[in-house]
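Residue-level listing of the chains:
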Amino acid sequence: MADETANRRDGETARKPIRHFRDLDVYQNALVAGLRVYELTKRFPIEERYALTDRARRSSRSICANIAEAWRKRRYDAACIAKPSDAEGEAAETQVHLEFAFHHNYLSHNGFLSVDNAYEKIIGQLVKMIDEPDKWLIKN
């Protein structure tokens, strides 16, 4: 799935119509980043299991869940802004948890920057969705 997203981004394939939340680039990017968070947090100390590890994983999952919810609620103006906004907040929360992990030497500098940059891109995509809700709304 990540390769397909990269190919579309590079213009190697024609853009497919979006029929499901899984077709959204922002969802695909959030899923890849969230799976990366799971991999990175496997190396966190056991004493962080119920604090940093669970919180980083929960917030990274919540981004995907909020995007999916936004897609299913796109008949409603308010939800079309609220759910991506919630996802944006969860992405920022994930960044904070990972920054704490970096400062505690649970993540390398490159590992932190890589995932942090991925979340910056996701946040940008979410802000664009929030700023342009008419593109997503189902019109009656």
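Everything numeric in this text was worked out from a predicted model, so none of it was measured.

A.B. asks: Please explain the overall build of the chain as it appears in this structure.
C.D. replies: Counting secondary structure elements, the chain contains five helices and zero strands. Of the regular secondary structure in the chain, the N- to C-terminal order runs α-α-α-α-α. Within the chain, the fraction of its 140 residues that count as buried is 42%. Put simply, of all contacts in the chain between residues at least 6 apart along the chain, 68% involve residues at least 24 apart. Only carbon and sulfur atoms are counted for the fraction: they give 51% of the accessible area of the chain, which is about 8200 Å².

A.B. asks: Mind showing me how you'd approach the packing of helix α2 (residues 25-41) against helix α3 (residues 49-72) here?
C.D. replies: To characterise two packed helices, one gives the angle between the axes of the helices and the distance between these axes. In the contact formed by α2 and α3, the axes pass within 9 Å of each other and the chain directions differ by 165 degrees. Comparing their axes, α3 and α2 come out roughly antiparallel. The two elements α2 and α3 cross, and the hand of that crossing is left-handed. Where α2 abuts α3, its residues V26, Y27, A30, L31, G34, V37, Y38 and T41 lie against T53, A56, R57, S60, R61, I63, C64 and I67.

A.B. asks: How should I be thinking about unusual backbone geometry in this particular structure?
C.D. replies: One can expect most non-glycine residues to show negative phi and most peptide bonds to be in trans. You will see that N105, though not glycine, has its phi angle at about 65 degrees, which is positive. Within the element layout of this structure, N105 appears in the loop between α4 (77-103) and α5 (109-131). Classification of N105 by relative accessible area gives exposed; the value is 68%.

A.B. asks: Help me out: how do you make sense of the environment of E93 in this one?
C.D. replies: With respect to the helices and strands, the residue E93 is situated in helix α4. Assessed through its relative accessible area of 21%, E93 is described here as partly exposed. Through-space distance from the C-alpha of E93 to that of S59 is 6.6 Å; in sequence the pair is 34 residues apart. Apart from the residues within four sequence positions on either side, E93 is in contact with R55, R58 and S59. A polar side-chain atom of E93 sits 2.4 Å from a polar atom in the side chain of R58.

A.B. asks: Help me understand the layout of surface pockets in this model?
C.D. replies: Once rolled over the atoms, a probe with the size of a water molecule shows which space is left empty. Its boundaries defined by the atoms lining it, the largest pocket holds a volume of some 300 Å³. Taken together, twelve residues line the largest pocket, and the ones lying closest to its centre are D25, Q125, K128, M129 and W136. Looking at the lining of the largest pocket, the elements with two or more residues in it are α2 and α5. Ranked by residue count, the leading element in the lining of the largest pocket is α5, at three residues.

Calculation notes
Residues numbered from 1 in each chain as written. Predicted model: local features only at pLDDT ≥ 70, side-chain atom pairs only at ≥ 80, totals over all residues. Heavy atoms only, no water. Helix = DSSP H or I, 4+ residues; strand = E, 2+ residues; numbered from the N terminus. Buried < 20%, exposed > 50% of the residue type's maximum accessible area, 1.4 Å probe, protein only. Contact = heavy atoms within 4.5 Å. Areas by Shrake-Rupley, 256 points an atom, 1.4 Å probe, with all protein chains shown as cover. Axes fitted to C-alpha atoms, helices over the stretch in contact; angles between N-to-C directions. Parallel < 35°, antiparallel > 145°, perpendicular 65-115°, else oblique. Left-handed = near helix turned anticlockwise from the far one by under 90°. Polar contact = N/O pair within 3.5 Å; in protein donor to acceptor, adjacent residues only side chain to side chain. 1 Å grid on protein atoms, 1.4 Å probe; cavity = no way out; pocket = protein on both sides within 12 Å on 5 of 7 lines; lining within 4 Å. Points joined across faces, edges and corners; volume = space filled by probe spheres on them.

Interpretation note: all reported values are geometric properties and have no functional meaning in isolation.
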